[in-house]
Amino acid sequence: MANDLTQGPVSTWLYKLTAPMVLGILAIFLFNLVDIYFVSLLGTKPLAALSFTFPATMMIMNVAIGLSIATGAVVARSIGQNNHEQTRNWVSSSFYLSIFVAIIFAVTGYFTQQWIFSNMGAEPELIPLINDYLDYWYPGSILLVVIIAVNASIRATGNTKLPSIVMLVTALMNGILDPIFIFGWGPVPPMGIKGAAIATCISWFIGFVIIMRALINMDLIRFTFPKNIISAWNSLIKLGIPAALTNMLGPLANGIIVVWVATYGTHAVAAYGVGSRLEPLAVIVIMALTASLPPFVGQNFGAGKIDRIEEALKRSIYFLVIWQLAVYIALVLFAEPVSQLFSKDLEVQVIIQTFLYILPLSYIGLGVCLVVTSTINALHKPKYSLLITIVRLFALYIPLAWAGHMLFGLNGIFWGCALGNGLIGSYLFMMFYRIKKTPELRDKLISH
């Protein structure tokens, strides 16, 4: 049964929705770190092979996230309209679409992997290791896409605890199974990097079973094709493609920054790599907010309660400003021991500390951008969200980082990135209040 997010205190609902998601998102990060850690114990070549697979695996992940954003938006809205039949049709349509799309990407990836990674510059001795991993990962990714896409349906009901539990369970199972399948234990022979993929797929299967049982118990899915499924797929794709593109642009921009950082040597790349991996942990509450806001926004959008949406966005922005300021202060205070934890090299430590002194303060602006785009997606306006992301990355973030690179060196790159985040956050903050006070702009944004 869905929670009615159109009633009750806004702050209470935001807390109830966001708190479980913090643990769930943390579990996702741990899932990936566990794979990297155990594969690194096999040696440099397996770790390099796993690193080469990241662009391909992230491509499918971003497609799944796009589908999940579209699914969450339409399901939450139909719940807000008290239309259970339509809700079930959306969930069922998303389920079948996610399977169809995942099969296409998995089959394409499976049969083109050798050509793709050879052209990416993978050395010949790495290709068999890459194949060992992806030969299992690609078929298993069908489960991953379904889990991510349909998980949004449960969040749309106002239940963020179950999706978080699924993330935690899959992360724990992956942590248990990784060493067993990679190094062997009892009757299980050592499988190397192939074992990491098998452990991952088994973990996904367990998560898939939990999710499907929940959907059945909540009467949110039917296993016959809904009427007008093609029309439903068309709507989901129109919402999902801009959302997927939005998620793909971040890694692309980061890749450009890495190229510039690399001109300052391996110490700079190593330090920037540490900073980049600390960033998701520094913004984990923001990411939880971006996952919990769409159900609230979607239901109230369906119920026509726009004032509650504005209140939720305002409270979210105020909270993240205070929270991220506290995170920044903590990172500054502990910058030295954190840098020492990740490197024994003094030069690398200094660059890590500089990164932590400059960039995390701008995560306030980044947070404003992310919660605004998350809200816009839930209002069925993903093209606006994509436009904002393009402006942030390619009109501000990258050009300012390049200017800093040219004028002030490595520290200039950090300052340019920080300024880009700060400017887009400030602009969106001002636009929020302008739209709030301008009826015609508000009506345009929420028009169907």
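Keep in mind that what you see is a predicted model, and the values were worked out from it rather than measured.

Asker: Even after reading the chapter, I still don't get the packing of helix 1 (residues 10-40) against helix 6 (residues 193-217), so can you show me in this structure?
Answerer: The relative placement of two packed helices is expressed as an angle between their axes plus a distance between the axes. It is at 11 Å that the axes of helix 1 and helix 6 come closest, and there the two elements cross at 155 degrees. By the angle class used here, helix 1 and helix 6 are roughly antiparallel. By crossing handedness, the relation of helix 1 to helix 6 is classed as right-handed. Of the residues in helix 6, those touching helix 1 at Phe 31, Asp 35 and Val 39 are Ala 196, Thr 200, Ser 203 and Trp 204. Here the contact of helix 1 with helix 6 is built from residues that sort into four nonpolar, two polar and one charged.

Asker: How should I be thinking about unusual backbone geometry in this particular structure?
Answerer: Leave glycine aside and you will find that most residues have negative phi; peptide bonds, for their part, are mostly trans. The phi dihedral of Asn 82 falls on the positive side, at around 60 degrees, and the residue is not glycine. For Asn 82, the position within the fold is in the loop between helix 2 (44-80) and helix 3 (84-119). The backbone phi angle of Asp 219 is positive, close to 55 degrees, even though this residue is not glycine. Position of Asp 219 relative to the elements: it lies in the loop between helix 6 and helix 7 (229-262). Relative accessible area serves as the criterion here: at 35%, Asp 219 is assigned to the partly exposed category.

Asker: How should the environment of Leu 143 be read in this particular structure?
Answerer: Tracing the backbone through its elements, the reader meets Leu 143 in helix 4 (residues 127-156). Residues Leu 143 and Asn 83, 60 residues apart in the sequence, show an inter-C-alpha distance of 28 Å. With near-sequence residues (within four places) excluded, Leu 143 lies in contact with Cys 201, Trp 204, Phe 205 and Phe 208.

Asker: Even after reading the chapter, I still don't get the packing of aromatic side chains, so can you show me in this structure?
Answerer: Describing an aromatic ring pair means giving the distance of the ring centres and the angle of the ring planes. In this structure the tally under the stated criterion is 10 aromatic pairs. Relative to Trp 323, the ring of Phe 319 lies with its centre 6.0 Å away and its plane at 25 degrees, an arrangement referred to as stacked. Of this pair, Phe 319 and Trp 323 both sit in helix 10 (residues 306-333), four residues apart, which is roughly one turn of that helix. Lying across the ring of Tyr 397, Arg 392 places its NZ or CZ 5.8 Å from the centre.

Asker: Help me understand the environment of Asp 135, please; the structure alone is not making it clear to me.
Answerer: Mapped onto the fold, Asp 135 is located in helix 4. With relative accessibility at 30%, the residue Asp 135 sits in the partly exposed group. Through-space distance from the C-alpha of Asp 135 to that of Lys 194 is 8.3 Å; in sequence the pair is 59 residues apart. Ignoring any residue separated from it by four or fewer positions in sequence, one finds Asp 135 in contact with Tyr 110 and Gln 113. In this structure the side chain of Asp 135 is engaged in a polar contact, spanning 3.1 Å, whose partner is the side chain of Gln 113.

Asker: Explain a nonpolar patch on the surface here, please?
Answerer: Taken together, the side chains of Leu 23, Leu 26, Leu 30, Leu 33, Leu 168 and Leu 281 define a hydrophobic patch exposed on the protein surface, amounting to about 500 Å² of accessible area. Ranked by residue count, the leading element in the nonpolar patch is helix 1, at four residues. Within the secondary structure layout, Leu 30 lies in helix 1.

Asker: Looking at this model, I keep getting lost on the nonpolar core. Mind explaining?
Answerer: A general trend in soluble globular proteins is that nonpolar side chains are found buried together. Of all hydrophobic cores here, the largest spans 71 residues; its most connected members are Phe 95, Tyr 133, Trp 137, Trp 204 and Leu 215. Looking at this core, the elements with two or more residues in it are helix 1, helix 2, helix 3, helix 4, helix 5 (161-183), helix 6, helix 7 and helix 9 (284-302). Among the elements that line this core, the one with the most residues is helix 4, at 16 residues. Trp 137 has contacts with Thr 57, Ile 60, Leu 144, Ala 197, Cys 201 and Trp 204, leaving out every residue within four places of it along the chain. Val 274, Ala 282, Leu 393 and Cys 417 belong to the second-largest nonpolar core, a separate cluster that totals 35 residues.

Asker: Quick question: what am I supposed to make of the packing of helix 7 against helix 15 (residues 410-437) here?
Answerer: In contact at an axis separation of 10 Å, helix 7 and helix 15 are set at 160 degrees when each is read in the N-to-C sense. In terms of axis orientation, helix 7 runs roughly antiparallel to helix 15. Considering the relative orientation of helix 7 and helix 15, their crossing is right-handed. Facing Ile 257, Trp 260 and Val 261 of helix 7, the residues of helix 15 in contact are Leu 410, Ile 413 and Cys 417. In terms of residue class, the contact of helix 7 with helix 15 is made up of six nonpolar, no polar and no charged.

What counts and how
Residues numbered from 1 in each chain as written. Predicted model: local features only at pLDDT ≥ 70, side-chain atom pairs only at ≥ 80, totals over all residues. Heavy atoms only, no water. Axes fitted to C-alpha atoms, helices over the stretch in contact; angles between N-to-C directions. Helix = DSSP H or I, 4+ residues; strand = E, 2+ residues; numbered from the N terminus. Parallel < 35°, antiparallel > 145°, perpendicular 65-115°, else oblique. Left-handed = near helix turned anticlockwise from the far one by under 90°. Contact = heavy atoms within 4.5 Å. Nonpolar A, V, L, I, M, F, W, Y, C, P; charged D, E, K, R; others polar. Buried < 20%, exposed > 50% of the residue type's maximum accessible area, 1.4 Å probe, protein only. Phe/Tyr/Trp six-rings, centres within 6.5 Å; stacked < 30°, edge-to-face > 60°. Lys NZ or Arg CZ within 6 Å of the ring centre and 35° of its normal. Polar contact = N/O pair within 3.5 Å; in protein donor to acceptor, adjacent residues only side chain to side chain. Patch = residues over 30% accessible without salt bridge, like charges linked within 9 Å, V, L, I, M, F, W, Y side chains within 5 Å. Areas by Shrake-Rupley, 256 points an atom, 1.4 Å probe, with all protein chains shown as cover. Salt bridge = Lys/Arg side-chain N within 4 Å of Asp/Glu carboxyl O. Core = buried A, V, L, I, M, F, W, Y, C linked by side-chain atoms within 4.5 Å.

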